[in-house]
Structure formats: C-alpha cells, structure tokens
Amino acid sequence: MGKLFGTDGIRGIVGENLTADLAYRVGQAVGTVLMEEKRGKRPTVVLGKDTRISSDLLEAALIAGLCSVGSDVKPVGDIPTPAVAYLTRREKADAGIVVSASHNPYEHNGIKVFNGQGYKLSDELESRVEAKILSGEAMPLKTREELGRRHHGMKRLQQEYIDFAASTIESDLSGLRILVDCANGAASATAPELFGRFQAHADFLHRSPDGVNINAGCGSTHLEELSAQVVKGGYDIGVAFDGDADRCLLVDEAGGVIDGDKVIAVCALDMKRRGQLRGNTIVATVMSNLGLHEFCRNQGIDLVCTAVGDRNVLEEMLRQDYLIGGEQSGHTIFTALETTGDGQVTALQFLQVLAQSRKKASELASVCLSYPQVLINVEVPHSGSAKERIMNSQELASAVKKEEGALAGEGRVLVRASGTESLIRVMVEAKTAEIAQNTAGHLVSFIKSLKF
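Residues numbered from 1 in each chain as written. Predicted model: local features only at pLDDT ≥ 70, side-chain atom pairs only at ≥ 80, totals over all residues. Heavy atoms only, no water.

1. Section: the pairing of strand β3 (residues 72-78)
Then comes step 1: Of all the 7 residues making up β3, 5 are buried; the element is thus mostly covered by neighbouring parts of the structure.
Then comes step 2: With 6 bridges joining them, strand β2 (residues 44-49) and β3 adopt parallel strand pairing. Along β3, the bridge assignment pairs Gly 48 with Gly 77. (Buried < 20%, exposed > 50% of the residue type's maximum accessible area, 1.4 Å probe, protein only. Helix = DSSP H or I, 4+ residues; strand = E, 2+ residues; numbered from the N terminus. Pairing = 2+ DSSP bridges.)

Structure (structure tokens):
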C-alpha cells in the first residue's frame, strides 16, 4: 500500500497526522481523479461520517476540497459506513466517502473512499489519488459556475437506507426481546428507527453520542455491559455495533458472546437448508477460529480462508461468486445484498433465523464451538518500517515455529501486523485457555525484547 492509504483508507489522530489541510487535499485529489475518469464531466460524491468530535471538521474540509475542483457533494450526515456504499450506488454517484475510524477511540479518525459501484477503490485509483495528494502540486481549481455544489435536503437518503436494510428480511421478528448497543456511533442515527420497523421489542444502550464517547466502554469492542444487561433484563439477544456500524457482534440470552464466526455459521447453515449457499462455501480469514473449521467439516461445507481484512474476503467472494463470508471480529458480508459488511443488515439476518427457529440464541449458536483463543496487541515503534522489520525478522519466525511445535498440532499461532495501527497482533488458539495464554505470553515477551 502507499504512504497514506492503509488497508482501510487513511487513518490517524486528528490534529497530529490527520489534519483539515490533508482532508482538503484528499477531497481535491479524489475530485480531480474522478474528473479525469469522467473526461471533464462534473462528478458527484456521497459523503457520510460517524459521530466523532473531529468528523464535522474533516467533513467540511473534504466538501471544500471536492467543490474547489468541481465535484458536487451529497452530505448525508451521521450514518453507517455501509449506508454510504449503498447510497453511492442508489444515487448513481461517482464515489462515496466516509469520515470514520470504525472501532478506534474518538481521537482517531479516517477517510475511506468507495467507487461508484460501492466497493473500496482499486489499488490503481487509490495510487493515483495518493500521488496527487503527496505531489504537493496545485490541483486545477474551478471558478464561477464550474465550482462544485453542496446538495441540501439529504435526510431522505438516510430514510432510503433504512428502508433498504429493513427489506433484507421477511420475518417481522415478533416475539423477540432485543437489546441494542449503538456504541454512541453511527448506528445511533439509524438503529432505533430500523429496529422499530419490526414487531420485536427493542431497547437501546449508548445511543447518545457527544463526540468523545464513541466506542468508549461500549459497542462491539466492549461487550461486558451488554452481556450483563441482557441477562438482567431477560432479553433473548443483545446486538452490538462498532463506531461506524459496519460490524456486529451478538450476545445470547445467558450473556455468552456470539462472534463473527458463529454468526457466519448460523446464517450459512440456514442458507444451505434453503438451497441458497452458492458453491456450498463460506469465505473467512486466517483469524477464524478452529471451531469454524470444525463446523464446516461437520456440516459438509467448504471453507476458504483469506488474509486478514474484509477487503480480502470480499475479493475472494466476488472472484468465485460466493454469497457469505466475513471475519471473527464481526464483519459479515452478504454479497447478494450489499457490496460491503453491514452490521445492521447482519444483525437482521441472524435475528430472522433466530425468530424462525424458535430456539434460544445460545442453542442456535452452539452449532459452531469456539476453541479458547487469546489475542494480544503489542505496541511497536511508530516509524513506518518498524512493523515490517519485526514481521520479516528470522528471529520472530523461529520463535513462532518453536511455539507451534509445542502445541503439537492441537492449536495454532498467528502473528501479524495491524493494517491501521502501530501494533503486532499475536493470536493463539489451543485446547485450553491456559495453554493459549502461556503461548501468547511467550511470543509477546519475545517481540518486546526485539531491538528495532
């Protein structure tokens, strides 16, 4: 990838390495590349954001940059990332931009760009945009009637997305009691009305964003409160989104976590029963739990694993025309419905299976067991090459091989660099939590001892 774009767009801490000036230039670069693609015709861009205190600032800078080079902008306000992908297609726009840092703390933010079909930008287009940003050269400015316009009255587009999400299931979900954690993020703007369309009883947590409470002790990265409240309130299930609502994790009636692997398993098994599991295949990543592998063997379903990242999952799904895939972290993709992972749509797919099964959520999810898994993030120097030097070191490769040998085939080790943060992620699965913790601890200590 380039110097600005990571695996999930541009990320940084606002006011440090992500500034209004940079966002302005990103807007100019995206607009200029779109103008080149359209051979001088005026492009249109759908623009959405999450609820961070910095999102308004970055949104304004992006609008200014886009309009300065002749692009029209349709700002849809606080809205989930997948909604921007959907609305970009529906509006026949030339691109969609989202201001969000997903599950990260409020001081972080990011800029993600979708093409006119609602997919993440190709590497070629991304490189062209990045080259213009980094060149330092002035981009061709428009004047008079050639300036871009900011469209107003875009609230209707939020309603169109909610209409779409509600249409993805046939069940009215009657009989279910649901507790939804909006993470004080983008789902706060859509989930209450969306879940209100059904006959289920739905209550909500963390739906009052103030700019700095997004993901703070809540949402899909902090399930403790949701689990406790589901049990205390006698709910059938809990639903948790992250800051931009592109991922979803669930909690069963007993407070047990239903992760992305289990969500995929339940939905894929239902698709198979209905004859809709194209290719009889699930696409997951190398981070998927051994329990998902076991589930697929038991159910006669093929499992294809890609490198980490929902982009890699989606590319494999599109290449082979598969219909369901995702990540343990809660990104689940239904390609018959959308071009990206959508936490709210994922929740509805699972809830429909739950309502129709007349089973408890814990029983439904029990088809896919989870091996004990430990994931530890190791902070490394922020210099651009530190992660790469560590990951390419022979010393680390030898240490990983040693720990894998000690597991004797009854577990696995995965060490990888984060695509968006200065972290090395150490994941270990084993027959017991104690073995997994000890193995991970050895590797974490080893990585910290390296001098890079």
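The structure having been displayed, the exposition proceeds.
2. A short note on helix α9 (residues 290-299)
Then comes step 1: The complete set of buried residues in α9 reads Gly 291, Leu 292, Phe 295 and Cys 296. Along α9, the residues classed as buried sweep out an arc of 140° about the axis, all on the same side. Facing away from the buried surface of α9 by more than 90 degrees, the exposed residues are Arg 297 and Asn 298.
Then comes step 2: Its buried side turned inward, α9 meets α8 (260-273), β11 (281-285) and β12 (302-306).
Then comes step 3: Count one or two residues on from α9 and you reach Gly 300, which has phi positive near 65°. (Arc of directions from axis to C-beta. Contact = heavy atoms within 4.5 Å.)

3. Let's talk about unusual backbone geometry
Then comes step 1: A positive phi angle, near 60°, is found at Ala 183, a position not held by glycine.
Then comes step 2: Here Ala 183 shows up in the loop between β6 (177-181) and α6 (191-196).
Then comes step 3: Relative accessible area serves as the criterion here: at 0%, Ala 183 is assigned to the buried category.
Then comes step 4: Phi angles above zero are rare outside glycine, and Asn 280 is one such case at about 50°.
Then comes step 5: With respect to the helices and strands, the residue Asn 280 is situated in the loop between α8 and β11.

4. As for helix α11 (residues 343-357)
Then comes step 1: Compared with the 21 Å implied by 1.5 Å per residue over 15 residues, the 21 Å span of α11 between its first and last C-alpha is a close match.
Then comes step 2: For α11, the tally of buried residues reaches 12 of 15 residues, placing the bulk of the element in the interior.
Then comes step 3: Capping the start of α11, Asp 342 holds a side-chain oxygen 3.0 Å from the backbone nitrogen of Gln 344, two or three residues further along.
Then comes step 4: Positive backbone phi, at 60°, marks Arg 358, one or two positions downstream of α11. (Expected span 1.5 Å × (residues − 1). Polar contact = N/O pair within 3.5 Å; in protein donor to acceptor, adjacent residues only side chain to side chain.)

5. Some details on the packing of helix α14 (residues 394-407) against helix α15 (residues 433-449)
Then comes step 1: Relative orientation of the contacting elements α14 and α15 amounts to 165°, with a least axis distance of 10 Å. For the element pair α14 / α15, the angle class is roughly antiparallel. As for how α14 packs across α15, the hand of that crossing is right-handed. Contact with α14, carried on its side by Glu 395, Leu 396, Ala 399, Val 400, Glu 403 and Leu 407, involves Ile 435, Thr 439, His 442, Leu 443, Phe 446 and Ile 447 of α15 and no other residues of that element.
Then comes step 2: Here the residues of the contact of α14 with α15 are counted per class, giving 8 nonpolar, 2 polar and 2 charged. (Axes fitted to C-alpha atoms, helices over the stretch in contact; angles between N-to-C directions. Parallel < 35°, antiparallel > 145°, perpendicular 65-115°, else oblique. Left-handed = near helix turned anticlockwise from the far one by under 90°. Nonpolar A, V, L, I, M, F, W, Y, C, P; charged D, E, K, R; others polar.)

6. Considering the sheet that holds β6
Then comes step 1: Strand order in this open sheet of 5 strands is β7-β6-β8-β9-β10, and the pairing throughout is mixed. Strand pairing shows two members of the sheet lacking a second neighbour, β7 (201-205) and β10 (257-258), which therefore form its edges.
Then comes step 2: By the bridge criterion, 5 bridges tie β6 to β7 in an arrangement that is parallel. The residue bridging Leu 179 from the neighbouring strand is Asp 203, located in β7.

7. Description of the packing of α8 against α11
When two helices pack together, their arrangement is captured by the angle between the axes and the distance separating the axes.
Then comes step 1: Packing of α8 against α11 brings their axes to within 10 Å, and their N-to-C directions diverge by 60°. Our classification of the angle between α8 and α11 gives oblique. Considering how the two elements wind past one another, α8 and α11 form a crossing that is left-handed. Between α8 and α11, the residues in contact are Val 263, Val 266, Cys 267 and Asp 270 and Thr 346, Gln 349, Phe 350 and Val 353, respectively.
Then comes step 2: Tallied by class, the residues present in the contact of α8 with α11 amount to 5 nonpolar, 2 polar and 1 charged.

8. Focus: the pattern of salt bridges
Then comes step 1: With the rule as written, the count across this model stands at 29 salt bridges.
Then comes step 2: Between Asp 94 and Lys 38 there is a salt bridge whose closest N-O contact spans 3.3 Å. Placement of the pair is Asp 94 in the loop between α3 (81-90) and β4 (95-99) and Lys 38 in the loop between α1 (20-37) and β2, with a sequence separation of 56 residues. (Salt bridge = Lys/Arg side-chain N within 4 Å of Asp/Glu carboxyl O.)

9. Some remarks on the nonpolar core
Then comes step 1: Ranked by internal contacts, the top residues of the largest apolar core, which has 66 residues, are Phe 241, Phe 295, Ile 324 and Phe 350.
Then comes step 2: Residues within four places of Ile 324 in sequence aside, it is in contact with Ile 264, Cys 267, Ala 268, Met 271, Leu 277, Thr 281, Ile 282, Val 283, Met 317, Ile 333 and Phe 334.
Then comes step 3: Among the nonpolar cores identified, the runner-up in size contains 29 residues, and Val 26, Leu 58, Val 113 and Leu 125 belong to it. (Core = buried A, V, L, I, M, F, W, Y, C linked by side-chain atoms within 4.5 Å.)

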